[in-house]
Amino acid sequence: MKEIEISVPIGREPSSEQITAAAAKAMGVAPKAVASYRIVRRSIDARGDILYRYRIEAYKAGEDLNEYRLPEYRDVSQAEPVTVIGAGPAGMFAALHLLMRGFRPVILERGKDVHARKFDMARLSREGIVDPDSNYCFGEGGAGTFSDGKLFTRSSKRGDIREVLHQLVTFGADPSILIDAHPHIGSDRLPAIVENIRHCIISHGGEYHFGTRVTDIRKMEDGGFDVVAGSRTFSSRKVILATGHSARDIYNLFAEKGWELQAKGFALGVRVEHPQSLINRIQYHGKYQPYMPAAEYSFVTQIEGRGVFSFCMCPGGILVPSATGPGETVLNGMSNSARNSRWANAGVVVSVEPEDIQEYSRYGALSLLHFQMDVEKRMYDFTGSIKAPAQRMMDFCRRTPSSGLPATSYHPGAVNAPLHELLPEHVSLRLKYAFPEIGNKKMKGYYTNEALLLGVESRTSSPVRIPRDPDTLEHTQLKGLYPCGEGAGYSGGIVSSALDGIRCAEMV
């Protein structure tokens, strides 16, 4: 096998003849000696001419083509049940892996199916009314279903990402996600994929129970568990807990029972919205053409000993309300597969550690959770609704009021506000120094009053960790219960959560 690289202008694909010729040259053989090839990765290079760079594995006759094959799903209708709490990425992919290994997943989801929850999200955006069990965070598919569907993870230690990507393609995703350096699916396509996953699990003997919010978990004398949801009880020897980073009632349940929890650092800041045309101009160095993908960006810097970084960047996207209860204002971003709105948005957030909020130390393991809740409430109280407090970027950094606000994609609307005062000072000051630094050193033109900051981006990851044994992945006090995914504090994003779900299923 020989690995080669081919570059072509964006909008074109390398032909089979071009690949074979390049492979033959690299191998030192005639083109007819190249038996097969496999495209491994495609990425955009905007350093000079705007190009796609393809990384390709080429094989001679007799060499084994390194293709991935998914294991088969088994009929588990009569198999041992495993209770899976939560139908987000961690829960879904744990359930799929359980099918492969011959266990029957019984999925409990507090929210509604992926289509029904759309009506609740529309009502939230239109009327500001939050259904605490059905919203942008809770419901089939979890928060990732209605974000951007980004499938990029920097971690190579969590597991084999191919199991995740190949299953997504099996259930309807574009095969390009198998090779793109920064793959994404889009919120317009993810619901159908999530629904196909459910049909697969049910058709092989698994179960889904919607509108089933867990209210108690009981460890039984025989070593198994009774999971209580209202008037119903689900019994199994093993439980995978994959409830997501906003299931605060689960943290409170653990605290009430005296089960171990840990405070976990997270990040908090603002959603930053620029015109997408401006980001295109910056990232493509003025060479953007309409047929090119909407430009994205990411950055990280250190300000006074804390990381300041971009999070969940949505090119050609919109801003959405992500509150999960009344009296709180939370923003997130989403984009469809075409990424064709006229705005670009990203969270720009500051790392927050327990020592930064000593005044909350009385809450122990839930200290950062209470801090997060108070900031979200402060934003809501300022506007009296889920309208977002907002300020232009340069005005924010100069600590001056904005004379007016630009148009925004945030449907509930924005309210002119002293966001620099509403944010905690240790967050606000670091953002004040970070934005000019990014604009001067990394992305010329990023620091501008055309950019709008909206508060608050606070659900970057869980502010609580549910500890588990590093070898068995079981909770440190509850053998047979596997804390999993973002809600347990072990992942962040669709792919890393899915991989963590797979790991926990394998340990089961």
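First, a word on what this report is: a plain description of the structure on this page. (Residues numbered from 1 in each chain as written. Predicted model: local features only at pLDDT ≥ 70, side-chain atom pairs only at ≥ 80, totals over all residues. Heavy atoms only, no water.)

The next thing to look at is the overall build of the chain. Tallying secondary structure elements over the chain gives 13 helices and 22 strands in all. In terms of C-alpha radius of gyration, the chain reaches 24 Å, essentially the compact-globule figure of 23 Å for 508 residues. Roughly 20800 Å² of accessible area belongs to the chain as shown, and the carbon and sulfur atoms make up 48% of that amount. If you average the places of the 60 positive and of the 58 negative side-chain charges in the chain, the two averages end up 4 Å apart. (Helix = DSSP H or I, 4+ residues; strand = E, 2+ residues; numbered from the N terminus. Rg over C-alpha atoms; globule rule 2.2 N^0.38 Å. Areas by Shrake-Rupley, 256 points an atom, 1.4 Å probe, with all protein chains shown as cover. Lys, Arg positive; Asp, Glu negative; His and termini not counted. Charge placed at Lys NZ, Arg CZ, Asp CG, Glu CD.)

Spatially, the three strands line up as an open sheet ordered S1-S3-S2, and their pairing is antiparallel. In this open sheet, the two edge strands, each paired with only one partner strand, are strand S1 (2–9) and strand S2 (34–45). The sheet shows a mean angle of 25° between the axes of neighbouring strands, taken without regard to direction. Alignment of S2 against strand S3 (residues 51–60), held across ten bridges, turns out to be antiparallel. Its bridge partner lying in S3, Asp45 is registered against Leu51. On the sheet, helix H1 (residues 16–27) packs against S1, S2 and S3 and is oriented at approximately 140° with respect to S1. (Pairing = 2+ DSSP bridges. Axes fitted to C-alpha atoms, helices over the stretch in contact; angles between N-to-C directions. Contact = heavy atoms within 4.5 Å.)

Attention now goes to helix H5 (residues 190–203). Relative to the 20 Å expected for 14 residues at 1.5 Å per residue, H5 spans 20 Å between its end C-alpha atoms, a close match to the ideal helical length. Those residues of H5 hidden inside the fold are in contact with helix H2 (89–101), strand S5 (104–108), helix H3 (116–127), helix H4 (161–170) and strand S6 (207–209). (Expected span 1.5 Å × (residues − 1).)

Grouped together as the largest cluster of nonpolar side chains are 61 residues, with contacts concentrated most on Leu96, Leu168 and Ile240. Sort the elements by how many residues they give to this core and H2 lands first, with nine residues. Setting aside chain neighbours within four positions, we find Leu168 in contact with Phe93, Leu151, Ala173, Ile177, Ile185 and Ile193. Ala46, Ile279, Leu422 and Leu431 belong to the second largest nonpolar core, which has 58 residues in total. (Core = buried A, V, L, I, M, F, W, Y, C linked by side-chain atoms within 4.5 Å. Buried < 20%, exposed > 50% of the residue type's maximum accessible area, 1.4 Å probe, protein only.)

A word on the side chain of Asp216. Secondary-structure assignment places Asp216 in strand S7 (residues 216–219). Of the polar contacts made by the side chain of Asp216, one reaches the side chain of Arg218; its length is 3.0 Å. Among all residues touching Asp216, those that are not within four sequence positions of it are Asp226, Val227, Val228, Leu253 and Lys257. (Polar contact = N/O pair within 3.5 Å; in protein donor to acceptor, adjacent residues only side chain to side chain.)

Under the counting rule described, the total for this entry stands at twelve aromatic pairs. For the pair Tyr208 and Phe210, a centre-to-centre distance of 5.6 Å together with 35° between the ring planes defines the contact as tilted. Exposure remark for Tyr208: the relative accessible area of 12% places this residue in the buried category. Ring centres 5.5 Å apart and planes at 40° place the aromatic pair Tyr284 and Tyr288 in the tilted group. (Phe/Tyr/Trp six-rings, centres within 6.5 Å; stacked < 30°, edge-to-face > 60°.)

Attention shifts here to the environment of Met121. Relative to the helices and strands, Met121 resides in helix H3. Ignoring any residue separated from it by four or fewer positions in sequence, one finds Met121 in contact with Asn135, Tyr136 and Phe146.

Spatial relationships are all this shows, so hold off on functional conclusions.
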